[in-house]
Structures are given as C-alpha cells and as structure tokens.
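# Fold and geometry: a report
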Amino acid sequence: STEVPLVVGARVRRCIVHVVVSNESTLVGRTVDENQFLGRFNAAVVAMSRQNLPILVDHIGDVIIQPGDVLVLEATDSFRKNYENSREFAVVVEMASGRSFTPRRKKSFSMAFVVVSTL
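What comes next is a walk through the structure. Bear in mind that the values here come from a model prediction, so they are computed numbers and not experimental data.

Definitions and cut-offs
- Residues numbered from 1 in each chain as written.
- Predicted model: local features only at pLDDT ≥ 70, side-chain atom pairs only at ≥ 80, totals over all residues.
- Heavy atoms only, no water.
- Salt bridge = Lys/Arg side-chain N within 4 Å of Asp/Glu carboxyl O.
- Helix = DSSP H or I, 4+ residues; strand = E, 2+ residues; numbered from the N terminus.
- Buried < 20%, exposed > 50% of the residue type's maximum accessible area, 1.4 Å probe, protein only.
- Pairing = 2+ DSSP bridges.
- Core = buried A, V, L, I, M, F, W, Y, C linked by side-chain atoms within 4.5 Å.
- Contact = heavy atoms within 4.5 Å.

## Points about the pattern of salt bridges
Applying the stated criterion across every chain, the model contains three salt bridges. With its nearest N and O atoms 3.5 Å apart, the salt bridge here joins R40 to E88. Taken together, the positions of R40 in helix α1 (residues 37–41) and E88 in the loop between α2 (79–83) and β5 (89–96) put the pair 48 residues apart, joining distant regions of the chain. Judged by its relative accessible area of 32%, R40 is partly exposed. Across the pair D69 and R50 runs a salt bridge, and its minimum N-O distance is 2.7 Å. Residue D69 is located in the loop between β3 (53–54) and β4 (70–76), and its partner R50 is located in strand β2 (residues 43–50); the two are separated by 19 residues in the primary sequence. Judged by its relative accessible area of 0%, D69 falls in the buried class. Residue class for R50 comes out partly exposed when judged on its relative accessible area of 22%.

## A few points about the pairing of β4
The element β4 is extensively covered by neighbouring structure, given that seven of its seven residues are classed as buried. Examined bridge by bridge, strand β1 (residues 14–21) and β4 share seven bridges and lie antiparallel to one another. Counted as the bridge partner of H18 is V72 from β4. In this sheet, β4 lies alongside β2 in antiparallel orientation, the contact comprising six bridges. Residue pairing in the sheet places M48 in a bridge with L71 of β4.

## What to know about the nonpolar core
Nonpolar side chains tend toward joint burial in soluble globular proteins. Ranked by size, the top nonpolar core spans 22 residues in total, and within it V19, F37, F41, M48, L73 and F79 carry the most contacts. Counting residues per element, the ones that place at least two in this core are β1, α1, β2, β4, α2 and β5. Considering every element that reaches this core, the biggest residue donor is β1, with four residues. Not counting the four nearest positions on each side in its chain, F79 is found in contact with V17, V19, F41, A43, L73, F89 and V91.

## So, the pairing of β2
In terms of burial, β2 is a largely internal element, seven of the eight residues being buried. Pairing analysis gives two bridges linking β2 to β3, with the strands arranged antiparallel. Across the sheet, the residue bridging to S49 is P54, located in β3.

All quantities given are derived from atomic positions and should not be read as evidence of function.
Dropping the structure here:
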C-alpha cells in the first residue's frame, strides 16, 4: 500500500488534473519524491501512465519521470491557471470536484490503477 500526501486547500477548491510531462521539463530523470510536487506545485501525484499503460508500483514516489509521462494530480482549482504556460508539462484534462480524491490513510494502489486506466 502507499500513502499519498494531502494537498493544501479547501475541499471544494480541489480538482483532479492530468498533465503530460514535456521534453524540456526539469522533472525528467528524477523521481516523483525528488521533484517535491506538494511543495513546488501544491499537488499530489496519485497515478501515472507511460505509453498508454498504467505504472503500477508499491510507492509512486520511487518512479523516475520521463518525457511523455501522464501524471494524474490532485491539485487546487488554481493549478491550471498557475501552470498552463509551464515548461514542465501540458495540462490536458481538469476535472472539477467538490471533494478530495486524496486518501486520508493508507490504501491499496488499485484505486490509482482505475484512474490511470481511464486515460
């Protein structure tokens, strides 16, 4: 099982965002944990896919990011506005939500698989 960090922000102001990592991104070649998504972007990586296949691991923080990876993030509703012109990634889908999708306690990674497999 894995533990996903909580995103700061009111529950009604959170959303799920799918982003594609760019070739010029500083995220490339570093793990999810090394990239400190929570501190840098106020977003938590909840799932990933590569070449249209879900990345299934015990700890998503250990995955090394590559160009073209699709990251499923839980973020605040201002994420798209703040990063729409980012060189790090392209925001491809944003799903508004009135509730958090981040687990409050440890749970299996199968939920993330369901999210990624819908890409």
